[in-house]
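# Survey of secondary and tertiary structure
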Amino acid sequence: MVNESRQTLLATEASEAETFGQRFKGLMGVTDFPMGHGLHLVPCTSIHTFFMKLPIDALFLDQSRVVLDVYHALRPWRMSRFHPGAHSVLELPAGTALSSGTQPGDRLVFNVPARR
């Protein structure tokens, strides 16, 4: 996963959570979320970090994978606001968005085509 707008790498290994169960579980219980990893939640318009053990960065994306909002180091037991224009969320290790300079308006490129 690359931030095409800034030519920076976000993740080399990521998985997709497409079912309700996969999205609900997300990163709950994960104790090691190293740099270079990510979880893409599809579809998704808001997230929670209940029962999570680590802070995360969360990038809310539209259908074209343009960043709508960025949550930096969202701590456990928090909730995002509802993002009506979001199609998905990319969860990354805390600090990834800041170190890559990722911000709203940036376009991301994945190894798989965007869903339309």
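What comes next is a walk through the structure. (Residues numbered from 1 in each chain as written. Predicted model: local features only at pLDDT ≥ 70, side-chain atom pairs only at ≥ 80, totals over all residues. Heavy atoms only, no water.)

Using the criterion set out here, one finds three salt bridges in the structure. As a salt-bridge pair, Arg 107 and Glu 4 come within 3.4 Å of each other at their nearest N and O atoms. Of the two residues, Arg 107 is situated in the loop between helix 2 (96–100) and strand 8 (108–109) and Glu 4 in the loop between strand 1 (2–3) and strand 2 (8–9); the sequence distance between them amounts to 103 residues. Notably, a salt bridge pairs Asp 106 with Arg 6, separated by 2.8 Å at the nearest N-O pair. Placement of the pair is Asp 106 in the loop between helix 2 and strand 8 and Arg 6 in the loop between strand 1 and strand 2, with a sequence separation of 100 residues. For Arg 6, a relative accessible area of 33% corresponds to the partly exposed category. (Salt bridge = Lys/Arg side-chain N within 4 Å of Asp/Glu carboxyl O. Helix = DSSP H or I, 4+ residues; strand = E, 2+ residues; numbered from the N terminus. Buried < 20%, exposed > 50% of the residue type's maximum accessible area, 1.4 Å probe, protein only.)

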